Amino acid sequence: MVRLIGARNCRTRGVVAVAALLILATPPLIASVHSYDAAPGYQVKHAGAAADPGEVAGSREAAPLWEEHAIDPRGRAMVHSATLTELPKGGVQAFWYGGSREGARDVGIYAARLLPDERSWTLPREVMTRARLSEELGRYIKKLGNPVAFLDVSGQVWLFFVSVSVGGWSGSSINAMVSQDGGETFGPVKRLVTSPAFNVSTLVRGRPVQMRDGSITLPVYHEFLGKFAELLRLDPEGVVLGKKRLTLGRSHVQPVLVPEDAETAHVFLRYAGDADKKIHYVSTDDGGLEFASPRGSNLPNPDSAIDAAPLAGRELLMVYNHSEVARDILALAVSDGDPGRWTRIHDLEHAEAGKGQLFSYPSILRDRAGRTHVVYTHNRTYIKHVMFNDVWLSDVRRSATSPP
Amino acid sequence: MNAFGYVGWALVLASLGACCSARYTDDWRIKLGIATAVVVAAFAIQLDRVPLIGFVASVQSEPSMAMILILGSHGASSLWPQRLTRLDMGPLHLCIVLLGLVMYPSALGIGYIDLYAAGYHPYTAIGMLPLAFVLAWFAGTRLLAFWVVLAVLMQGYSVGESDNAFDYLIDPIIFMYACWRAAAYAWRRYDGAR
């Protein structure tokens, strides 16, 4: 080839060679154009986590239900960043990372289940380790973190998580693996390439949303030079179809995507800046083609993770730290459809200020029975799970009078 | 890392080995032996159960077509300098520098327009095809044509980890190399004009 493209009098041969390569390249390109839809719309009616708000409009239980559990309370010295997904045959599964300390070589990703009609979680099992990932990807892996689980319309359980080869968390890249047996075992790991600069600084925390064409929209964020949010589109095989930047600057991370209908969705953002310590949000009404500029809500944010889920109609439920400076209060808030206006209805945790208590990284899931599950990091020592039904939620909403 | 990554890095390392050994010997068999030894060492020596090539891939998972063409050309010319003419890499270096200067800052969050995001779109690859034809037709730019067409071909058949056409065109390592070459060229011009 060097001889061919370096020779001086072989223009015809060069053109013929390029033409041959072009002919070879054409079929996959035509196929990709045929399958591409820029804004297919959000599929809000599916079996997974972000289920149709109408479908889970309310549980049929007459009495209020409230339960709380500790997941793996004496398992590992440090646990963090839990996520929840519903299982194809019912029940929920939680994933989190844990080890001797954050970023240590022994940190792995763990999973446990709460099966239907069971009152306690199964024993945790390790689903990914640093050594296994290193072996699968054929490269050095320094640490793991931030798992995100998702049940797609075909019943596959997806697990996304970040890994770091060089540097700190800002050097993360995203990995994905899929389970065909309801989260029991996972297939090979696929590393998503999302940045041209050594593929670093793309992290995941928010749950994906299914699109109407079968693709998946995964909220991701960067935190290297800039701190900004993006949406990544993946096809059902995990091929990256595109990405859309939501914010600029150094203030917005950990986007949480909540679709309202096929065209309308809100993305809530952890605020990592200094000026306006509120939960910010951006919205779309054209299926994600365009998003408005970020706006502040009336909920405070101490630069900590949040999560949100749709309730009946256009109502939304948020779990967040109710403070601009600390993570010692973890609260629930509801919105009647305006993503900027919320009412704080209940504190899941309320520690005395200055005692160093940390309640963070909540993940919320509405299951098909209409029950709401919340998991969060409790002082980094265990993952706490609370579960309540709509009757309980209605009761606390009636008694809640204080706006934030 | 998949087969493309392994083969790509093997080519790049072999070329580096050939280039370095050319400073000390003219015998192509010795140069080829050293190039082969470099590749074997990179794949065979393990640290913490990861081969040395895995540490290279930890930084940059796969070499781009630009890196393979540039280092491959240098390596081949080093092995058989009498039989192969050195290619004029100037236009390719210039394209790499220009593309990198636009793409890397925008991908890292400087500005709302993210050129890199367009690389996932099938129309971007389709837009490169007529461009490649035009480049191929005009004398002296066939290397660019091969570069673009090979990148599109690699992306179309998903031979690498990335689904983005730009990752097959350039990578940060070859961008830094091209910047260095461009700066050296500019300095020579400036120094000669003084």
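Residues numbered from 1 in each chain as written. Chains lettered and ligands numbered in written order. Predicted model: local features only at pLDDT ≥ 70, side-chain atom pairs only at ≥ 80, totals over all residues. Heavy atoms only, no water.

**Side note on the overall build of chain A**
- Assigned secondary structure in chain A consists of 4 helices and 25 strands.
- Scaling as 2.2 N^0.38, a compact globule of 404 residues should have a C-alpha radius of gyration of about 22 Å, and chain A matches this with 22 Å.
- With the C-alpha coordinates aligned to their principal axes, the bounding extent of chain A is approximately 85 × 45 × 45 Å.
- Every one of the 404 residues in chain A was classed for burial, and the buried ones make up 62%. (Helix = DSSP H or I, 4+ residues; strand = E, 2+ residues; numbered from the N terminus. Rg over C-alpha atoms; globule rule 2.2 N^0.38 Å. Buried < 20%, exposed > 50% of the residue type's maximum accessible area, 1.4 Å probe, protein only.)

**Digging into the layout of surface pockets**
Residues and elements named next belong to chain A.
- Empty space within the largest pocket amounts to approximately 530 Å³.
- In terms of lining, the largest pocket is formed by 24 residues, of which the most central are Gly242, Lys243, Lys244, Arg245 and Leu289.
- Of the residues forming the lining of the largest pocket, the biggest block, 5 residues, is contributed by strand E14 (residues 240-245).
- In terms of residue class, the lining of the largest pocket is made up of 13 nonpolar, 5 polar and 6 charged. (1 Å grid on protein atoms, 1.4 Å probe; cavity = no way out; pocket = protein on both sides within 12 Å on 5 of 7 lines; lining within 4 Å. Points joined across faces, edges and corners; volume = space filled by probe spheres on them. Nonpolar A, V, L, I, M, F, W, Y, C, P; charged D, E, K, R; others polar.)

**Regarding the interface of chain A and chain B**
- At the junction of the two partners, chain A supplies 58 residues and chain B supplies 58 residues.
- For the pair chain A and chain B, the summed buried surface comes to about 5200 Å²; carbon and sulfur atoms form 67% of the total.
- Here chain A and chain B share 5 salt bridges between them.
- In this structure, B:Glu161 engages A:Arg139 in a salt bridge whose closest nitrogen and oxygen atoms are separated by 2.6 Å. (Contact = heavy atoms within 4.5 Å. Buried area = accessible area lost by both parts, 1.4 Å probe. Salt bridge = Lys/Arg side-chain N within 4 Å of Asp/Glu carboxyl O.)

**Topic: the packing of aromatic side chains**
- What the rule picks out here adds up to 17 aromatic pairs over all chains.
- Taking the centre distance of 6.2 Å and the plane angle of 45° together, the rings of B:Trp28 and B:Trp80 count as tilted. Highlighted residues: B:Trp28 in helix H2 (residues 28-44) and B:Trp80 in the loop between helix H4 (65-79) and helix H5 (90-107), separated in sequence by 52 residues.
- A centroid spacing of 5.6 Å and a plane angle of 75° characterise the contact between B:Tyr116 and B:Tyr120, whose relative ring orientation is edge-to-face. Accessibility assignment for this pair places B:Tyr116 and B:Tyr120 in one class, buried.
- Site record: aromatic cluster; members linked through ring pairs are A:Trp66, A:Phe388 and A:Trp392. (Phe/Tyr/Trp six-rings, centres within 6.5 Å; stacked < 30°, edge-to-face > 60°.)

**With respect to the nonpolar core**
- In terms of nonpolar packing, the biggest core is built from 104 residues, with A:Leu159, A:Phe160, A:Phe161, B:Ile96, B:Trp147, B:Leu169 and B:Ile170 touching the most fellow members.
- Take this core: its biggest share by element is 12 residues, from helix H8 (residues 142-156) of chain B.
- Mapping this core onto the domain boundaries places at least three of its residues in each of domain 1 (1-86) and domain 2 (88-194) of chain B.
- Sequence-distant contacts of B:Ile170, that is, excluding residues within four places in its chain, are made with B:Ser64, B:Ala66, B:Ile96, B:Leu99, B:Gly100, B:Met103, B:Tyr104 and B:Trp147.
- Ranked by size, the runner-up nonpolar core spans 20 residues in total, among them A:Leu311, A:Leu330, A:Val374 and A:Phe388. (Core = buried A, V, L, I, M, F, W, Y, C linked by side-chain atoms within 4.5 Å. Domains from an automatic or database assignment.)

**Some words on unusual backbone geometry**
All names here are of chain A.
- In this structure, Asp72 is a non-glycine residue whose phi angle is positive, near 50°.
- With respect to the helices and strands, the residue Asp72 is situated in the loop between strand E1 (66-71) and strand E2 (78-86).
- Look at Asp72 and you get buried, because its relative accessible area is 12%.
- Even without being glycine, Tyr361 reaches a positive phi, approximately 50°.
- Tyr361 gets classed as buried once you look at its relative accessible area, which sits at 10%.

**A word on the pairing of strand E17 (residues 278-284) of chain A**
Residue and element names in this part refer to chain A.
- Here E17 lies mainly inside the structure; 5 of its 7 residues are buried.
- As paired elements, strand E16 (residues 265-271) and E17 share 5 bridges and run antiparallel to each other. Across the sheet, Ala265 pairs through a bridge with Thr284, a residue of E17.
- In this antiparallel pair of consecutive strands, E16 and E17, the connection spans 6 residues.
- Note: E17 against strand E18 (residues 295-300), 3 bridges, orientation antiparallel. By the bridge assignment for E18, Lys278 is matched with Pro300. (Pairing = 2+ DSSP bridges.)

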